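Here is what each chain is made of, one letter per residue.
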Amino acid sequence: MKKLIIIGFSGNFYDIAEEIIDQKKYKIIGYIDSKNRRVKDFNYLGNDKIAIKKFNREKKLISIAGLGSKVLSKQRLFNIYKTNMINLIYKKSFISKYAILKKNSGIIIMNNTVLKSFSKINSGVFINSNCVVGHHTNIGKNSTISMGVLIGGNSIIGENCFVGMGTKIFQNVKIGKNVIIGSNLLIKKDIPDNYKIS
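Structural notes, computed from the coordinates. (Residues numbered from 1 in each chain as written. Predicted model: local features only at pLDDT ≥ 70, side-chain atom pairs only at ≥ 80, totals over all residues. Heavy atoms only, no water.)

With respect to the sheet that holds strand 18 (residues 174–175)
Reading across from one edge, 6-9-12-15-18 is the order of the five strands in this open sheet, with parallel pairing throughout. Lying at the two open borders of the sheet, with one neighbouring strand each, are strand 6 (100–101) and strand 18. Taken together, the two bridges between strand 6 and strand 9 (residues 120–121) define a ladder with parallel strand orientation. Counted as the bridge partner of I100 is K120 from strand 9. (Pairing = 2+ DSSP bridges. Helix = DSSP H or I, 4+ residues; strand = E, 2+ residues; numbered from the N terminus.)

Spelled out as structure tokens, the structure:
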């Protein structure tokens with residue numbers, strides 16, 4: 001069994017760790033974070049400066065998802081740990097055989113999420129539970145899709161975006177880069193870069 005390190009501590013840490021353990025492909029040897037969070041059942045391996053020298057061969061997965069400073073943290077961590085990343089696709093998700101996921105790039109797709117044909121998921125994308133990503137939709141790198149989001153076909157979500165819980169994005173909508181979309185919204189029109197809607 002290959003060794004795996006989880007990078008960053010977030011609210012999804014234990015869910016992610018449980019799925020990794022359940023899939024029995026990797027053994028989690030610990031986590032890396034800016035400080036010791038006293039995480040139950042998992043060893044603290046140190047911060048980035050220590051760990052990058054000591055654990056450069058192990059497989060890695062970044063668990064951070066969200067908005068604001070978390071996006072910047074995730075970008076920084078991806079620049080440090082861009083090699084030896086894995087994707088984590090939960091067993092209870094449904095991924096079309098025609099969906100396109102960038103291999104070994106830190107993608108996380110949680111339970112009961114559906115990726116339709118020719119949807120494209122880029123590096124570092126985090127898709128929470130109970131989401132639907134329509135056909136031919138492209139989700140840009142390091143974006144976070146919260147629980148229960150529905151995205152219509154032929155849509156584009158730019159890089160470093162955050163889409164809040166329960167939001168519905170209609171088909172053929174283009175969302176720019178660095179956009180924050182709140183919860184339970186209906187998005188029918190394009191949104192430009194660096195925009196916030198709540």
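Having seen it, we continue.
Some remarks on the sheet that holds strand 19 (residues 180–181)
Strand order across the open sheet formed by seven strands is 4-7-10-13-16-19-21, with parallel pairing between neighbours. The sheet terminates laterally at strand 4 (88–89) and strand 21 (196–197), the two strands that pair on one side only. When strand 19 meets strand 21, the two strands line up parallel, connected through two bridges. When the sheet's bridge partners are listed, I180 is paired in strand 21 with K196.

Some remarks on unusual backbone geometry
In this structure, R38 is a non-glycine residue whose phi angle is positive, near 55°. Considering the arrangement of structural elements, one finds R38 in the loop between strand 2 (26–32) and helix 2 (48–54). In this structure R38 comes out as exposed when scored by relative accessible area, which is 68%. At N178, a residue that is not glycine, the phi angle is positive and equals roughly 60°. (Buried < 20%, exposed > 50% of the residue type's maximum accessible area, 1.4 Å probe, protein only.)

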